[in-house]
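The primary structure of each chain is shown beneath.
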Amino acid sequence: QAQLVESGGGLVQAGGSLRLSCVASGIIFSAYAMGWYRQAPGKQRELVAVISPGGRTTYASSVKGRFTISRDHAKSTGYLQMNSLKPEDTAVYYCSAGYYVSEYDPRYWGQGTQVTVSS
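Presented here is an overview of the structure given in this document. (Residues numbered from 1 in each chain as written. Predicted model: local features only at pLDDT ≥ 70, side-chain atom pairs only at ≥ 80, totals over all residues. Heavy atoms only, no water.)

Regarding the environment of Asp105
Turning to step 1, where the next piece is worked out: Relative to the elements of secondary structure, Asp105 occurs in strand 10 (residues 104-109).
Turning to step 2, where the next piece is worked out: When its relative accessible area of 32% is taken as the criterion, Asp105 is described as partly exposed.
Turning to step 3, where the next piece is worked out: Separated by 71 residues in the primary sequence, Asp105 and Met34 have C-alpha atoms spaced 9.7 Å apart.
Turning to step 4, where the next piece is worked out: If near-sequence neighbours (up to four positions away) are discounted, Asp105 is found in contact with Gly98 and Tyr99.
Turning to step 5, where the next piece is worked out: A distance of 2.9 Å separates the side chain of Asp105 from the side chain of Arg107, its partner in a polar contact. (Helix = DSSP H or I, 4+ residues; strand = E, 2+ residues; numbered from the N terminus. Buried < 20%, exposed > 50% of the residue type's maximum accessible area, 1.4 Å probe, protein only. Contact = heavy atoms within 4.5 Å. Polar contact = N/O pair within 3.5 Å; in protein donor to acceptor, adjacent residues only side chain to side chain.)

Below you can see the structure in the form of structure tokens.
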């Protein structure tokens, strides 16, 4: 049974950094694209970044240049490095595994990790 477990969230001051991790089990990690979403209170879930099995990356314009998505197939783990954090980055961050052809189609989800950026 597929399971994705996020970690690394927390409270950070504006301008700071955090690195989120997502460990996958029960799936062939290298066969799936991985995507990070976030959802702030009262807002829709937003796709933040995607990485294909081969390493092709796509970012939302709101995080481009500040966030970096990566993956380690040997560890079945995906990462989201977040730098120059802003208060508007505050949200619950979710990792997902899915298919990425013309657009990303998530199939499996983690439970989410809270990121809070104070001003």
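Quick look at the pairing of strand 11 (residues 113-118)
Turning to step 1, where the next piece is worked out: Every second residue of strand 11 is oriented toward a common face, the buried set being Thr113, Val115 and Val117 and the non-buried set Gln114, Thr116 and Ser118.
Turning to step 2, where the next piece is worked out: Relative to strand 11, strand 2 (residues 10-13) runs parallel, the two sharing four bridges. Counterpart to Val12 in the pairing with strand 11 is Val117.
Turning to step 3, where the next piece is worked out: Sheet topology note: the strand 9 (residues 91-100)/strand 11 ladder contains three bridges and is antiparallel. When the bridges of strand 11 are listed, Val92 appears paired with Gln114. (Pairing = 2+ DSSP bridges.)

Quick notes on the side chain of Ser21
Turning to step 1, where the next piece is worked out: Here Ser21 shows up in strand 3 (residues 18-25).
Turning to step 2, where the next piece is worked out: Classification of Ser21 as buried rests on a relative accessible area of 14%.
Turning to step 3, where the next piece is worked out: Setting aside residues no more than four positions away along its own chain, Ser21 makes contact with Val5, Glu6, Ser7, Trp36, Thr77, Gly78 and Tyr79.

Some thoughts on the state of the cysteines
Turning to step 1, where the next piece is worked out: Taken as a whole, this structure holds one disulfide when the rule is applied.
Turning to step 2, where the next piece is worked out: Covalently, Cys22 is tied to Cys95 through a disulfide, its sulfur atoms 2.0 Å apart. Taking the torsion about the S-S bond as the criterion, the Cys22 to Cys95 disulfide, at about 50 degrees, is right-handed. Of the two residues, Cys22 sits in strand 3 while Cys95 sits in strand 9, which places them 73 residues apart along the sequence. By the burial criterion, Cys22 is buried, and Cys95 matches it. (Disulfide = S-S within 2.5 Å.)

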